[in-house]
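Report on the structure
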Amino acid sequence: MGPRRPRRKDEIILLTTLQEVLKIAEDTGTAIPAFNIDNLEGPEALVEAGEAENCPLILTVGQGAINAGQLWYLADIVKRLASQTKIPLVLHLDHGVSYEQTVLCLRAGFTSVMYDGSHHPFEENVRESQAVVRSAHAVGVSVECELGAISGVEDGISHKNVNLVDLQEVEQFIAVVDCDALAVGIGNAHGMYQGTPNLDFDRLAACRALGTPPLVLHGGSGTPDDMIRKAIQLGIRKVNVATELRMAFMEGLEATVGQRDFYGMYRQAKTNMYELARKKIRLFQGK
Ligand SMILES: [Zn+2]
């Protein structure tokens, strides 16, 4: 047991921290879904799916939404949904690009921030991650860090090479950075896979054996179900899904655009996203 972290209850009482939901995942040997949100209709559909499956959700705001000017709106939407639902909701920053951006999210009421320094030299990643952890933990907010940059394109950020996490770096990193979750590159990629991904399960198991915090799998879109199940068995406790949800939503819009029924279009888009989210939740929960 570490020291009790002070919490600003007035700001985050309705929301849950990443640390709290990952504890549930650890205890049950499951993974909590981290679903990207970009608009009003998406989070509404996702929370309905979470309620139907009685599963906590991590709703994540990514760099695409932030670049589109949506950070504060999306934070407000998640807080409002949290006031109306019984399932635990985490408001999470995905792939935070700087210490300053994570501080902005602390101010906006996020209960979890990811700082992704995996593209920087190791020492810099350690230094910046430590700064983020110190600030976030001071106000009871959880932190996810990353080692071994994850390839593929997400929100316009592209990394071509598959980057497998270095076990020695994992050991050094967790010795000095008190993060609540760790994303690791094990051959996973962002976006939809063109072929079958080649996940390095031995490396995942070896990370876990080092006594890491709960591990995170990015790039959950298009990864075969059996690979996801195996990753969860080996210690993945949070799986990120963005692209596949957006595709489902857009397909709903495309299928109904000719009907010129404004709300009907969004209904179909939400239904598509809801159904896919329920499928993912059941998979991650081992149902
Ligand atoms: Zn990611």
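Residues numbered from 1 in each chain as written. Predicted model: local features only at pLDDT ≥ 70, side-chain atom pairs only at ≥ 80, totals over all residues. Heavy atoms only, no water.

Attention shifts here to the sheet that holds strand E10 (residues 215–217). The strand order around the closed barrel formed by 8 strands is E1-E2-E3-E4-E5-E8-E10-E11, and the pairing between neighbours is parallel. Across the sheet, the mean angle separating the axes of adjacent strands is 25° when strand polarity is ignored. Judged from the 4 bridges that link them, strand E5 (residues 142–147) and strand E8 (residues 181–184) form a sheet pairing that is parallel. When the sheet's bridge partners are listed, glutamate 146 is paired in E8 with alanine 183. In the packing of helix H10 (residues 225–233) onto the sheet, contacts are made with E10 and strand E11 (236–241), and the angle to E11 comes to roughly 145°. (Pairing = 2+ DSSP bridges. Helix = DSSP H or I, 4+ residues; strand = E, 2+ residues; numbered from the N terminus. Axes fitted to C-alpha atoms, helices over the stretch in contact; angles between N-to-C directions. Contact = heavy atoms within 4.5 Å.)

The protein atoms that coordinate the zinc ion are His95 (NE2), His190 (NE2) and His218 (ND1), at distances of 2.0 to 2.1 Å. The motif formed by the donor residues of the zinc ion, counted along the single chain, is H-x94-H-x27-H. With histidine 95 in strand E3 (residues 89–96) and histidine 190 in strand E9 (residues 189–190), this pair connects stretches of sequence that are 95 residues apart. By the burial criterion, histidine 95 is buried, and histidine 190 matches it. (Donors = N, O, S within 2.8 Å, 3.2 Å for Na, K, Ca; no water. Buried < 20%, exposed > 50% of the residue type's maximum accessible area, 1.4 Å probe, protein only.)

For glutamate 275, the location among the structural elements is in helix H12 (residues 262–284). Sequence separation between glutamate 275 and glycine 235 is 40 residues, and the spatial gap between their C-alpha atoms is 26 Å.

In this structure, Leu89, Phe110 and Leu182 are the most contacted members of the largest nonpolar core, which totals 72 residues. In contact with leucine 89, not counting residues within four places along its chain, are Leu15, Thr16, Val47, Leu57, Leu59, Val78, Leu81 and Ala82. (Core = buried A, V, L, I, M, F, W, Y, C linked by side-chain atoms within 4.5 Å.)

Our focus in this paragraph is the packing of aromatic side chains. Within this structure, the stated rule accounts for 4 aromatic pairs. Ring centres of phenylalanine 249 and tyrosine 266 lie 6.4 Å apart, and the angle between their planes is 45°; this geometry places the pair in the tilted category. With phenylalanine 249 in helix H11 (residues 243–256) and tyrosine 266 in helix H12, this residue pair connects regions lying 17 residues apart in the sequence. For phenylalanine 249, a relative accessible area of 8% corresponds to the buried category. A connected cluster of aromatic rings, assembled from ring pairs, spans Phe249, Phe262, Tyr263 and Tyr266. (Phe/Tyr/Trp six-rings, centres within 6.5 Å; stacked < 30°, edge-to-face > 60°.)

It is worth spelling out a nonpolar patch on the surface at this point. A contiguous nonpolar surface patch, about 250 Å² in accessible area, is contributed by Met192, Met247 and Met250. In this structure, methionine 192 sits in the loop between E9 and helix H9 (201–209). A relative accessible area of 34% places methionine 192 in the partly exposed class. (Patch = residues over 30% accessible without salt bridge, like charges linked within 9 Å, V, L, I, M, F, W, Y side chains within 5 Å. Areas by Shrake-Rupley, 256 points an atom, 1.4 Å probe, with all protein chains shown as cover. Salt bridge = Lys/Arg side-chain N within 4 Å of Asp/Glu carboxyl O.)

Among the 6 residues of E11, 6 are classified as buried, and the element is accordingly described as predominantly covered. Examined bridge by bridge, strand E1 (residues 32–36) and E11 share 4 bridges and lie parallel to one another. By the bridge assignment for E11, proline 33 is matched with valine 239. In this sheet, E11 lies alongside E10 in parallel orientation, the contact comprising 3 bridges. The residue bridging leucine 217 from the neighbouring strand is valine 239, located in E11. Following the backbone out of E10, through H10 and into the adjacent parallel E11, one traces a crossover that is right-handed. (Right-handed = clockwise from strand over helix to strand, strands pointing away.)

We note that histidine 95 has phi near 50°; this positive angle belongs to a residue other than glycine. Phi angles above zero are rare outside glycine, and arginine 260 is one such case at about 50°. Among the structural elements, arginine 260 can be located in the loop between H11 and H12. Overall, the relative accessible area of 77% leaves arginine 260 in the exposed class.

Moving on: the side chain of aspartate 94. For aspartate 94, the position within the fold is in strand E3. In this structure, aspartate 94 is buried with no salt-bridge partner, the nearest side chain bearing the opposite charge being lysine 238 at 5.1 Å. Within polar-contact distance, the side chain of aspartate 94 engages the side chain of asparagine 240 at 3.3 Å. (Lys, Arg positive; Asp, Glu negative; His and termini not counted. Polar contact = N/O pair within 3.5 Å; in protein donor to acceptor, adjacent residues only side chain to side chain.)

Attention now goes to the side chain of histidine 218. Mapped onto the fold, histidine 218 is located in the loop between E10 and H10. If near-sequence neighbours (up to four positions away) are discounted, histidine 218 is found in contact with Asp94, His95, Met114, Glu144, Ile150, Ala183, Asn188, Ala189, His190, Lys238 and Asn240.

Moving on: the environment of methionine 247. Residue placement: methionine 247 occurs in helix H11. With relative accessibility at 35%, the residue methionine 247 sits in the partly exposed group. For the pair methionine 247 and alanine 269, spaced 22 residues apart in sequence, the C-alpha to C-alpha distance is 9.5 Å.

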